[in-house]
Structure formats: structure tokens, C-alpha cells
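Per-entry structural report
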Amino acid sequence: MQLVLLTALGVGGATVLGALLGFIFKRFSHTFSDIVLSFAAGVMLAAAVIGLIMPSLEYGGDWGLLITVTGIFVGALCLNLIDKLVPHLHKMVASPDEEEHHNKNLGKVLLFVMAIAIHNLPEGIAAGVGFGAGDTAGALIIAGGIALQNIPEGMVIIGPMLAAGVKPHKTLLIAMMTGVVEVVGTLIGYFAVSIASAVLPFALAFAGGTMLYVISDEMIPETHAHGHQRGATYALLVGFCLMLATDVLLG
């Protein structure tokens, strides 16, 4: 339990780290952002497949394939519903011009921050489910991938809020709250699976589906929108292979 709590704090704290970097650099190049985000996407892709979807098939028994496929689609559909209620992250930060446009309206900026917070909940649940399954190594890989994604995500939050007139200390507090959401999600995922082991295969697949949705719908489009798609593609492959090697070595 102590490891779960420390990991949850680490995952949520990555958003705060990104926010602090956002204060330091204010603006950072699309090249840097795309490479880091693509690397994180590769890590998350490997973590979703190796740490969540494959164990779901294993624990599901005779009905493993049906449970896993159902869980993946239910997880994706849940995030699809969330995206209909809040803005897509890649649409909110697609270009500097759009960023300046959104900064003119504080309400839209706060809506953008709320979108990040809402997306953080299922990501936290995915990390918690991994621990609930008893696969500590796999859970740490999943949490590491999510934490890597949270750093540039935290950096993105700062600029728009400062430009919209939010005071620096309030900006940092809001960024911290988006990280707290992920901590809560991690604990929810862990306790839900620990209490009801019967839902473990579905929960693993559900968490995997949410991660696949975020990678395909949010991360890859964002990293391929600024002319750096070749470097982004290789960064994704590096992240995926790194996690693949980590899994083999830890296994």
C-alpha cells in the first residue's frame, strides 16, 4: 500500500513538475514538446498492451477475449463521452495563434484545465488497477508512462493561465489540483480491484482502452500537427521499445 501511495503521488507530482518547468521556460518549442510527448506515447502504448491488456486476457479464462475486447471498447467509449463534454486537448493547444485566441477568454482557459483534470482521472485509475492486479513491475511501468506524459501536460497549463491574468500562486495551485485528481484515480483503481477481484480482467481491459484512446485521439495527433512527425514517430518507437526491454529484463 505504501508503494501504491508513493507511486500515486509521483504520478500526480509529475504534473506539478511540468507546471514548475512551465513557470521557468514560459514557452517551449513544438519540437521539444512533440518529441517528449511522443516518447511518452510509446511508453504508454507498451504499458497498455503489456501491463493491462495481455494480463486481462490471461486472467479472463475462457471468456478472456470477450471480456478484454469489451473492456477496451467500454474504456474508449467512456473517454469519448468525456471528450464530448469537454474540449479535446490537442484542439486547445494546436498552435500559438490558437493559444493566444483562447487566452483572451479566461473561461475557456479554465475549461481547458478542467479537461486535463478530467482526463487525468482514468489515467490514474489505469495506474491503480495495475497495482491491484498484483503486478508491481507492470504497474510501475504504467505509472512511469503516465508520469512522463504529465510533465509536458503540466507545462502546457501554465502559459495560457498566466496570459489570461491568473496570479502565479493560483496558477500553481490549479496545476496541483489536476495532479491530485490523478492521485485519487490511482487509489480508486487500486482499491476497486483489490476489493472485487472478480472484475479484474474487465478493469484491466478498461484501463487499457482508456490509455489507447488517449494515445490515439490526443497524443499522436498533437505530436504530428507541427511538422515534426518523423521525429515524433521515432520517439514513440524508442519509448515503446524501452518499455518492452524493461518488461523483458524485469520479467
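Residue numbering note: each chain is counted from 1, following its sequence as written. This being a predicted model, a pLDDT of at least 70 is required before a residue's local features are given, and a value of 80 or more before pairs of side-chain atoms are given or counted; all residues contribute to the totals for chains, interfaces and linings. Processing note: side-chain calculations cover all non-hydrogen atoms of the structure and skip hydrogens and water entirely.

A separate point is the overall build of the protein. What the protein contains, in helices and strands, is 10 helices and zero strands. We count a stretch as a helix when DSSP gives it H or I for four or more residues in a row; a strand needs E for two or more, and each element gets its number in order from the N terminus. Along its sequence from the N terminus, the protein presents helices and strands in the succession α-α-α-α-α-α-α-α-α-α. Here the protein holds 251 residues, and the buried ones make up 48% of them. In this analysis, two residues are considered to be in contact whenever any of their non-hydrogen atoms come within 4.5 Å of each other. In the protein, the share of contacts with a sequence separation of at least 24, taken over all contacts with a separation of at least 6, comes to 86%. Only protein chains enter the accessibility calculation, which uses a 1.4 Å probe; a residue whose area is less than 20% of its type maximum is buried, one above 50% is exposed, and one in between is partly exposed.

Turning our eyes to something else, we now look at the packing of helix α2 (residues 30-59) against helix α3 (residues 64-85). Here α2 crosses α3 at 145°, and the two axes come no closer than 7 Å. Remark: the crossing between α2 and α3 carries right-handed chirality. Residue-level contacts link I53, S56 and L57 of α2 to G64, L65, T68 and I72 of α3. As a working rule, the residues Ala, Val, Leu, Ile, Met, Phe, Trp, Tyr, Cys and Pro are called nonpolar, Asp, Glu, Lys and Arg charged, and the rest polar, with Gly in that last group. A per-class count over the contact of α2 with α3 returns four nonpolar, three polar and no charged. The angle between two axes is taken between their N-to-C directions and runs from 0 to 180 degrees, where each axis is a line fitted to C-alpha atoms and a helix contributes only its stretch in contact. Left-handed describes a crossing whose near helix is turned anticlockwise from the far helix through less than a right angle; right-handed describes the clockwise counterpart.

On to the nonpolar core. Here, the term nonpolar core denotes a set of buried Ala, Val, Leu, Ile, Met, Phe, Trp, Tyr and Cys residues that are joined through side-chain atoms within 4.5 Å. Judged by nonpolar contacts, the single largest core of 31 residues is most densely connected at L52, I146, M211 and M219. Where this core is concerned, the elements lending two or more residues are α2, α3, α6 (106-132), α7 (136-163), α9 (200-223) and α10 (229-250). Setting aside its immediate chain neighbours within four residues, M219 contacts L37, A40, A41, M44, Q149 and V214.

Moving on: α9. Here, expected helix span is obtained from the residue count minus one, scaled by 1.5 Å. Over its 24 residues, α9 runs 33 Å from end to end, which matches the ideal 34 Å to within 8%, given 1.5 Å per residue. Of all the bends in α9, the greatest, near 35°, is centred on I215. Of all 24 residues making up α9, 17 are buried, and the element is well covered by its neighbours. The bend at a residue is defined as the angle formed between two axes, one fitted to the seven residues ending at that residue and one fitted to the seven starting there.

Relative to the helices and strands, S56 is located in helix α2. Not counting residues up to four positions away in its chain, the partners in contact with S56 are T68, P201, L204 and A205.

A few words now on the packing of aromatic side chains. Stacked, edge-to-face and tilted are the three classes for Phe, Tyr and Trp ring pairs, Trp counted by its six-membered ring, which pair at centre distances within 6.5 Å; planes under 30 degrees apart are stacked, over 60 edge-to-face, the rest tilted. Scanning the model with the defined rule gives two aromatic pairs in all. Between Y190 and F191 the ring centres are 5.2 Å apart and the planes differ by 70°, which places this aromatic pair in the edge-to-face class. Y190 gets classed as buried once you look at its relative accessible area, which sits at 16%. Relative accessible area serves as the criterion here: at 38%, F191 is assigned to the partly exposed category.

Moving on: the packing of α3 against α9. Between α3 and α9, whose axes approach to 7 Å, the crossing angle comes to 50°. When the interaxial angle is binned, α3 and α9 end up oblique. Once α3 is placed against α9, the crossing between them reads as right-handed. Along its contact with α3, which presents I67, T68, T70, G71, I72, V74, G75, A76, C78, L79, N80 and D83, the element α9 presents P201, F202, A205, F206, G209, T210, L212, Y213, V214, D217 and E218. Class assignment for the residues of the contact of α3 with α9 results in 13 nonpolar, seven polar and three charged. Relative orientations are named as follows: roughly parallel for angles under 35 degrees, roughly antiparallel for angles over 145 degrees, roughly perpendicular for angles from 65 to 115 degrees, and oblique for any other angle.

This part takes up α3. With 22 residues, α3 extends 32 Å between its outermost C-alpha atoms, agreeing within 8% with the 32 Å of an ideal straight helix rising 1.5 Å per residue. Inspection of α3 places G64, T68, G71, I72, G75, A76, L79 and D83 among the buried residues, and these make up the whole buried set. For α3, the buried positions fall inside an angular range of 120° around the axis, keeping them on one side. Of the residues in α3, the exposed ones pointing more than 90 degrees away from the buried face are L66, F73, L77, L81, K84 and L85. Note that the arc is computed from the directions linking the helix axis to the C-beta atoms.

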